[in-house]
Amino acid sequence: MSKSNQSGDAVVQRESKKLKRGLTLIPLTGLIYFTVCGGSFGIEPLVGYAGPGLALLLIALTPIIFSLPNLLIVQELQTMMPAQGGYYHWIKRAFGPFAGFLAGWNNWVVSWLDVSIYPVFAALYLSAFIPALDTGATLFGIALPASLLQWMVAVVMIWFVAWLQIRGSRATGFFTNSLGVVMIIPLMILAALGFYAWFKSGVTVHLPFLPGGEPVHFGSLTAAFSTGLFVVMWNYMGWELPSAAGDEVVDPRKTYPRAMAIVLVLAILTYSLPVLGSLYGGAGEDGRYAVWGIEASDEEAGVAADVEGYGVSAEQIDGWGVSSASAATGWEFPEIGQAVAAKITGDANSPLALFMVTILTISAVLSMLGLFIGNSLGGSRVPFALAEDGMFPRWMVIVHPKYGSPFIAILVVSVVYTIFATNAFEFLVVADVFLQLLVVLAEIAALWMLRRTEPDRPRTRVPGGIPGLVLASVSLAGIILIAFYSQIADAGWGSIGVALALMSIGGVLYFPIRKIYKPGVHDVDPFEQSAEED
């Protein structure tokens, strides 16, 4: 090996050793929570598009048949190989460097297109308090469109989070915990008011299984199920993403499984209680459920055109406080909270109703900030792990001398997020989910392979022996494949074709990247990294 290559390898190893282990149970729990769940926001379309009955069924079943098997599989892989880069190393160890690179590439692309949207959503919620974010403004005679103002707010948020993450994973984790406590209080108030309104009325509202009370048959069920399943899986996925910070977790073999167990319980409560209380507490009766989370297919026609087939008239929608003619979006939790308060007080503009709108809007902004923090963690740690393994430029492994964070990688992805922080990429949510679920399928296969090739490595195994592993694998892979089939059958190959094209780009880039950056850099031994923690 040449002197320059030896020097390059030494630089990589020296920088890697500077990473600080600061993620104990509490801050890690906050980061995983805001990766997997992040509050109830985002679940509203499940009700509007899938129907209230199917929505409640999916909220109840998904943690059992999707989240729990996913959690158990990630737990075994993480406790066997708690290295920086997480799933990149799991898949690489099982199937080689090309498969590992594609896994890292897929989820890195997801972070560009999906994670970048959260600051924009936060700006949209803030428009309730800053009207210029919705209407635009004029400054010194210069017209500033709303989209530009929203982008500016998003950029401020992105670089605040970059500063926070540079200060270390521990500080970031504790910040998300504080954020989570403040964010979840309004949602629990909403749930409590919903149950109070339900019990006070003494009547259980009749809610249909599918939108508009459609008869349940193969066609109607497939259409509702395909959309609903992708929405609920998007709200329950991401268990493996924080594993990319494996070298920053204190005692990862114990801390990570405990944090995941806590988050699973919190996620179930976060989704089920506000949705159930709101549906039966005033925001679901008389067809109101039909406008939950609806996006108008034609903004000029408004949401009325999308729900009129469900027996809901424009006059009814206007009476609920949603303009049938002009509103491009239906109800999100601020409007749902207003409807619940109106059920109690009889007035949609009562102090309680306005209070609920205000606190739930603030909660939504905090949720978007937390989701951005949690999901962006892997966005910087994956390129760091790839660089550490000789698959990205070596300068991306430079670690902050004081805070022990991969600050160059954090700065690079923050620039990417700044570029992609635009509404133009919202249509790629299905593509994002598809790419991330492909990585989950690869993790299932990797676990089976590593059971065969690394049988004696210490790990917390999926309980139940081989039958338990079969059950977890079949349940998780089955629901993923059903989601793929339902999406293709209902909407065609459009978004999934985009996802496959993005993955193909990574496959092509692998070869020049490996030729340019790999020489002189040894493969990272993830078991050696794990042994250092022991």
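The rules behind each value
- Residues numbered from 1 in each chain as written.
- Predicted model: local features only at pLDDT ≥ 70, side-chain atom pairs only at ≥ 80, totals over all residues.
- Heavy atoms only, no water.
- Helix = DSSP H or I, 4+ residues; strand = E, 2+ residues; numbered from the N terminus.
- Rg over C-alpha atoms; globule rule 2.2 N^0.38 Å.
- Contact = heavy atoms within 4.5 Å.
- Areas by Shrake-Rupley, 256 points an atom, 1.4 Å probe, with all protein chains shown as cover.
- Lys, Arg positive; Asp, Glu negative; His and termini not counted.
- Charge placed at Lys NZ, Arg CZ, Asp CG, Glu CD.
- Buried < 20%, exposed > 50% of the residue type's maximum accessible area, 1.4 Å probe, protein only.
- Patch = residues over 30% accessible without salt bridge, like charges linked within 9 Å, V, L, I, M, F, W, Y side chains within 5 Å.
- Salt bridge = Lys/Arg side-chain N within 4 Å of Asp/Glu carboxyl O.
- Expected span 1.5 Å × (residues − 1).
- Core = buried A, V, L, I, M, F, W, Y, C linked by side-chain atoms within 4.5 Å.
- pLDDT = per-residue confidence, 0-100.

**A word on the overall build of the chain**
- Of regular secondary structure, the chain possesses 21 helices and two strands.
- The globule rule puts the C-alpha radius of gyration for 534 residues at 24 Å, and the 24 Å found for the chain is close to it.
- C-alpha extents for the chain along the principal axes are approximately 75 × 65 × 40 Å.
- Sequence-distant contacts in the chain: of pairs separated by 6 or more residues, those separated by 24 or more amount to 82%.
- In the structure as shown, the chain presents an accessible area of about 20500 Å², 67% of it carried by carbon and sulfur atoms.
- The averaged location of the 38 negative side-chain charges in the chain is 18 Å from the averaged location of its 27 positive side-chain charges.

**Some words on the side chain of threonine 29**
- Inspection of the secondary structure puts threonine 29 in helix α2 (residues 25–36).
- Residue class for threonine 29 comes out buried when judged on its relative accessible area of 9%.

**Quick notes on a nonpolar patch on the surface**
- On the surface, a nonpolar cluster with roughly 550 Å² of combined accessible area is contributed by Leu57, Leu61, Ile64, Ile65, Phe209, Val216 and Leu221.
- Here the element with the most residues in the nonpolar patch is helix α4 (residues 52–80); it accounts for four residues.

**Looking at α2**
- Compared with the 16 Å implied by 1.5 Å per residue over twelve residues, the 16 Å span of α2 between its first and last C-alpha is a close match.
- In terms of residue burial, α2 counts as a mostly covered element, since ten of its twelve residues are buried.
- For α2, the set of buried residues is Pro27, Leu28, Thr29, Gly30, Leu31, Ile32, Tyr33, Phe34, Thr35 and Val36.
- In this structure, the buried side of α2 is in contact with α10 (169–201), α11 (218–236), α12 (252–283) and α16 (351–388).
- The first or second residue beyond α2 is glycine 38, which carries a positive phi of 80°.

**Observations concerning the nonpolar core**
- Counting residues in hydrophobic clusters, the biggest one holds 160 residues, and the most contacted among them are Ile32, Leu46, Phe66, Trp239, Leu437 and Ile480.
- When residues of this core are assigned to their parent elements, the largest contribution, 18 residues, is made by α16.
- Once you skip the residues sitting within four places of it in the chain, phenylalanine 66 turns out to touch Met233, Tyr236, Met237, Leu437, Leu476, Ile479 and Ile480.

**Focus: the pattern of salt bridges**
- All told, the structure shown has eleven salt bridges when counted by the stated rule.
- In this structure, the salt-bridge partner of arginine 21 is aspartate 247, at a minimum N-O distance of 3.7 Å. Taken together, the positions of arginine 21 in the loop between α1 (3–16) and α2 and aspartate 247 in the loop between α11 and α12 put the pair 226 residues apart, joining distant regions of the chain.
- Under the relative-accessibility criterion, arginine 21 is labelled partly exposed at 28%.
- For aspartate 247, a relative accessible area of 11% translates into the label buried.
- With a shortest N-O distance of 3.5 Å, glutamate 76 and arginine 459 are connected by a salt bridge. Of this pair, glutamate 76 sits in helix α4 while arginine 459 sits in the loop between α18 (429–453) and α19 (465–491); the two residues are 383 residues apart in sequence, bridging distant segments of the chain. Judged on exposure class, the residue glutamate 76 and its partner arginine 459 are both buried.
- Among the ionic contacts, a cluster of salt bridges with common partners joins Lys92, Asp389, Lys518 and Asp523.

**A word on the confidence of the model for the chain**
- Across the chain, the average pLDDT comes to 86, with 93% of residues at 70 or higher.
- Across the chain, element-level confidence peaks in helix α5 (residues 87–95) with a mean pLDDT of 95 and bottoms out in α1 with 62.

**Here we look at the environment of isoleucine 189**
- Inspection of the secondary structure assignment puts isoleucine 189 in helix α10.
- Taking relative accessible area as the criterion, isoleucine 189 reaches 32% and is therefore assigned partly exposed.
- For the pair formed by isoleucine 189 and alanine 171, sequence separation is 18 residues and the distance between their alpha carbons is 28 Å.
- Once residues within four sequence positions are removed from consideration, isoleucine 189 is found in contact with Met356 and Ile359.

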